Number of protein chains: 2
Amino acid sequence: MQIEFLGTGAGSPSKQRNVTSTALKLLEERNAIWMFDVGEATQHQVLKTTIRPRKIEKIFITHLHGDHIFGLPGLLSSRSHQGGNGPLTIYGPKGIEDFVKISLKVSETKLGYPLKFVELTDGGVIFNDKTFTVSCEKLDHKIECFGYRIVEHDHPGELQVDKLKALNIPSGPIYGQLKAGKTVNLEDGTSIDGKDYIGKPQQGRVVTILGDTRKSNASVKLAENADVLVHESTFAKGEGRMARNYYHSTSVQAAQVAQKAGAKKLLLTHISARYTGKAAYELAYQVKDIFANTRVVNDLDVIDVPFKG
Amino acid sequence: MQIEFLGTGAGSPSKQRNVTSTALKLLEERNAIWMFDVGEATQHQVLKTTIRPRKIEKIFITHLHGDHIFGLPGLLSSRSHQGGNGPLTIYGPKGIEDFVKISLKVSETKLGYPLKFVELTDGGVIFNDKTFTVSCEKLDHKIECFGYRIVEHDHPGELQVDKLKALNIPSGPIYGQLKAGKTVNLEDGTSIDGKDYIGKPQQGRVVTILGDTRKSNASVKLAENADVLVHESTFAKGEGRMARNYYHSTSVQAAQVAQKAGAKKLLLTHISARYTGKAAYELAYQVKDIFANTRVVNDLDVIDVPFKG
Ligand SMILES: [Zn+2]
Ligand SMILES: [Zn+2]
């Protein structure tokens, strides 16, 4: 599991940062990519990565501001041109379906795959399958905006095949029973308890990716014990008033959310073009005393999300 | 007058070429930029040039395929963010107004300038003022598509001030009369005919920028005696059948249009990603016997449009 940042800027594209898009790479977990927001030229950024558009399985839109959605029609078209034929689901606020459908209709674009929309009206679980649960909450932005919490289910412990082989227990249907935690009686009379041969279960990881927002309780809820929290930092320490007026956050507010939620790592994105070079890194430095494990991300940064412990 | 190519590729963006956009730079002529098509990430390409979005006065859309329009909402928004407040007019096929208005509405984008639309239904003159006339014609593409002919009005000859000064004729209202071609009687009895002191008029330039099209008579009409013809070449020599099937042109067909129209220079654009490096230059080389002054343009190429003679 990795997070690849395709665009980390605020408002308009600049030479340093494209407008917002974040890819959650779940290649080992489900051979899929999930995207969060698709600002203009996201497909151009994808060209600079190893991401194959056909692997994009889900797109989560936080809100409908142009710098978060204007790349969507182009990305969807190119996914089709490039032979993508697997279904794709788009989650987002009311209006996202209209925008996409009208863009595709006007341009007479026919997609070679089924496109499904899930328009969000409230917080709660929006997706759940064998491996992941995704929930959302409304944030505090100028227009309706959602944050997402992606929870990987725990991995059950693996059967310790090496140990069993060392005991000369031949592989076969017995292994299945042992893996299920049952006790098996061998022909020689020995009794083996599967539980003794199952490794430690691995705790699933939690990634929280928020949209544009003021500091909010919903953010804390979404980020509870998250392994990684991706939070906007359009403004710097000391600019709380501006942040409030423009419905955004400062670096300090992002750190306070991470700290309160007990998150493990904070990644600051949606960086204003006013902060370039050293000034951008300052955004992380100035919150070290509130939340030490903070980093300002740049376009094309790839961040690993390791298992706990 | 210069033409700057912001995107010269076909269909999808590639690492080498962005999707279509062409800027006609009329900085000396009217302190303005006119754009022809605005594919996705045109505003990103603009960042690499000296073009200021606020100087964009008119945008001409050839047709509504995504690779020609998906950059429009973003460019319009950024023009506003960057302080553009002069009016902007968009010309294009029916549907362009809906696409732009819905994109701006969904994203709650408020532009800080008046935006006007002129939806085209047929060929003819679509703009005319003191310095330029623009006309359009329907081309032959899969969906309704227009080509544009931009005609600069002739520049009247300049009053030859140096000559008059050499005759010790002091500047003043007399100069205005002479410039108007009148005969003026000086106090010393000399009679001076203004026509003798007016330089040669300068013939206005003609630039023809076409959209995607099969070889068509409309193209020839639009390109008649053009100083520069910008023509698509999605396909190469020998691929006439493919070009026909996909409603595009080959390099040879583009050259035939230029030759038949008596154009002075042919610029090939809308180059398929199948042609990179040498293979792209081949497109021009293979038509040298039909139309010698042919060139394949690349992203960010700037081509001067000089006065005749
Ligand atoms: Zn926003
Ligand atoms: Zn087209």
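Not measured: the values here are computed from a predicted model.

**Student:** Looking at this structure, how should I read the UniProt feature "active site" (unreviewed entry) in chain A?
**Tutor:** Residue and element names in this part refer to chain A. Look at the UniProt record and you will see "active site" (unreviewed entry) annotated at Asp 67. Positionally, Asp 67 belongs in helix H3 (residues 66-69). The contact partners of Asp 67, leaving out residues within four places of it in the chain, are Ala 10, Gly 11, Val 19, Thr 20, Gly 39 and His 270.

**Student:** Can you walk me through helix H11 (residues 278-285) of chain A in this structure?
**Tutor:** Side chains of residues three or four places apart in an α-helix project in the same direction, reflecting 3.6 residues per turn. Residues and elements named next belong to chain A. All of the buried residues along H11 are Ala 280, Leu 283 and Ala 284. Considered in projection along H11, the buried side chains sweep an arc of 95° and stay on one side of the axis. Among the exposed residues of H11, those oriented more than 90 degrees off its buried face are Lys 278 and Tyr 285. Looking at the buried side of H11, the elements it contacts are helix H10 (251-261), strand S14 (266-269) and strand S15 (294-296).

**Student:** Any chance you could explain the UniProt feature "binding site: Zn(2+) 2" (unreviewed entry) in chain A here in plain terms?
**Tutor:** Residue and element names in this part refer to chain A. As recorded in UniProt, the sites labelled "binding site: Zn(2+) 2" (unreviewed entry) are Asp 67, His 68, Asp 212 and His 270. In three dimensions, the annotated residues from a span of 204 residues occupy one location, with a maximal C-alpha spread of 10.8 Å. Note on placement: His 270 falls in the loop between S14 and H11. Here His 270 falls in the buried class, since its relative accessible area comes to 4%. Beyond its immediate sequence surroundings of up to four residues, His 270 is in contact with Thr 8, Gly 9, Ala 10, Gly 11, Thr 20, Asp 67, His 68, Asp 212, Glu 232, Ser 233, Thr 234 and His 248. Separated by 3.4 Å, the side chains of His 270 and His 68 make a polar contact.

**Student:** Explanation requested: the coordination of the zinc ion (ligand 2) in the structure shown.
**Tutor:** Perfect tetrahedral coordination of a metal by four donors corresponds to 109.5 degrees between them, and perfect octahedral coordination by six donors corresponds to 90 or 180 degrees. Residue and element names in this part refer to chain B. Within the protein, the atoms that donate to the zinc ion (ligand 2) are His 63 (NE2), His 65 (ND1), His 141 (NE2) and Asp 212 (OD), at distances of 2.2 to 2.4 Å. Coordination at the zinc ion (ligand 2) is irregular: its four donor atoms span angles of 86 to 174° at the metal. Spacing between the donor residues of the zinc ion (ligand 2) along their common chain follows H-x1-H-x75-H-x70-D. In this pair, His 63 sits in the loop between strand S4 (56-60) and helix H3 (66-69) while Asp 212 sits in the loop between strand S12 (206-209) and helix H8 (217-222), placing the two residues 149 residues apart along the sequence. With respect to burial, His 63 and Asp 212 carry one shared label: buried.

Parameters and conventions
Residues numbered from 1 in each chain as written. Chains lettered and ligands numbered in written order. Predicted model: local features only at pLDDT ≥ 70, side-chain atom pairs only at ≥ 80, totals over all residues. Heavy atoms only, no water. UniProt positions renumbered as here; feature names shortened; annotations may be inferred. Helix = DSSP H or I, 4+ residues; strand = E, 2+ residues; numbered from the N terminus. Contact = heavy atoms within 4.5 Å. Buried < 20%, exposed > 50% of the residue type's maximum accessible area, 1.4 Å probe, protein only. Arc of directions from axis to C-beta. Polar contact = N/O pair within 3.5 Å; in protein donor to acceptor, adjacent residues only side chain to side chain. Donors = N, O, S within 2.8 Å, 3.2 Å for Na, K, Ca; no water. Tetrahedral: all angles 85-135°; square planar, octahedral: opposite > 155°, others 65-115°.

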